[in-house]
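Fold and geometry: a report
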Amino acid sequence: VYRQYGVETSWPRLAMSFVRPSVYAELFSALRRGFRGGKPSAQLAKMPADFLIGPDGRIQFAYYGQSIGDHMSNGEIEQSLGK
């Protein structure tokens with residue numbers, strides 16, 4: 001499925017994700033709330049991709065993240081929905 005939708009694996013971009021200070025704040029916040037990481041796998045380096053699917057089942061908008069925490073913003077979602 002990842003290949004079908006062009007979702008990439010990138011170990012260098014995963015490593016660069018940890019340059020952002022906010023990553024550590026998010027990590028520690030998750031740990032405090034009891035979230036524990038599982039066994040690392042090759043899927044760990046999958047870059048995020050967000051898709052908005054229309055009523056007809058087709059992709060209306062695709063967003064491919066450049067780092068581990070790079071997702072479509074609320075503004076981009078609203079804009080693509082015409083709001």
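Residues numbered from 1 in each chain as written. Predicted model: local features only at pLDDT ≥ 70, side-chain atom pairs only at ≥ 80, totals over all residues. Heavy atoms only, no water.

**Structural notes on the side chain of aspartate 50**
Just so we agree on the cut-off: Helix numbering and strand numbering both begin at the N terminus, where a helix is a DSSP run of H or I of at least 4 residues and a strand a DSSP run of E of at least 2. Remark: exposure states derive from per-residue accessible area (1.4 Å probe, protein chains only) relative to the maximum for the residue type, with buried under 20%, exposed over 50%, and partly exposed in between. We call two N or O atoms a polar contact when they sit within 3.5 Å, provided that within protein one can donate a hydrogen and the other can accept it, with sequence-adjacent residues counted only if both atoms are side-chain atoms. Throughout, a contact is declared for two residues whenever any of their heavy atoms are within 4.5 Å.
Tracing the backbone shows aspartate 50 in strand 1 (residues 49-53). Given the relative accessible area of 19%, aspartate 50 is considered buried. In terms of polar contacts, aspartate 50 uses its side chain to reach the backbone amide nitrogen of methionine 72, at 2.7 Å. Setting aside anything within four residues of it in sequence, one finds aspartate 50 in contact with Phe61, Ala62, Tyr63, His71 and Met72.

**Things to note about the packing of aromatic side chains**
To be explicit about the condition: Ring geometry is summarised as follows: Phe, Tyr and Trp rings, the Trp one being its six-membered ring, pair when their centres sit within 6.5 Å, and such pairs are stacked at plane angles under 30 degrees, edge-to-face over 60 and tilted between the two.
This structure, assessed with the given rule, holds one aromatic pair. Centroid distance phenylalanine 51 to tyrosine 64: 5.8 Å. Interplanar angle 85°. Geometry classified as edge-to-face. Note that phenylalanine 51 is positioned in strand 1 and tyrosine 64 in strand 2 (residues 59-64), a separation of 13 residues in sequence. The class for phenylalanine 51 is partly exposed, based on a relative accessible area of 27%.

**As for the pairing of strand 2**
Definition in use: Strand pairing is assigned whenever DSSP detects at least two bridges linking the two strands.
In this sheet, strand 2 lies alongside strand 1 in antiparallel orientation, the contact comprising five bridges. Counterpart to alanine 49 in the pairing with strand 2 is tyrosine 64. The turn joining strand 1 and strand 2, which pair antiparallel and follow one another in sequence, is formed by five residues; a positive phi near 85° is taken by glycine 57.

**Notes on a nonpolar patch on the surface**
So the rule is basically this: Residues forming no salt bridge and having over 30% relative accessible area are the ones grouped into patches, like charges within 9 Å of each other and nonpolar side chains (Val, Leu, Ile, Met, Phe, Trp, Tyr) within 5 Å. Each accessible area is a Shrake-Rupley result for a 1.4 Å probe, and residues are judged covered by the shown protein chains and nothing else. Here, a salt bridge means any side-chain nitrogen of Lys or Arg that lies within 4 Å of a carboxyl oxygen of Asp or Glu.
Together, Tyr5, Ile53, Ile59 and Tyr64 line one region of the surface with nonpolar side chains, adding up to about 360 Å² of accessible area. Its place among the elements puts isoleucine 53 in strand 1.

**Describing the environment of glutamate 26**
Tracing the sequence through the fold places glutamate 26 in helix 2 (residues 21-32). Under the relative-accessibility criterion, glutamate 26 is labelled partly exposed at 49%. The spatial distance from the C-alpha of glutamate 26 to the C-alpha of glycine 69 is 9.9 Å, given a sequence separation of 43 residues.

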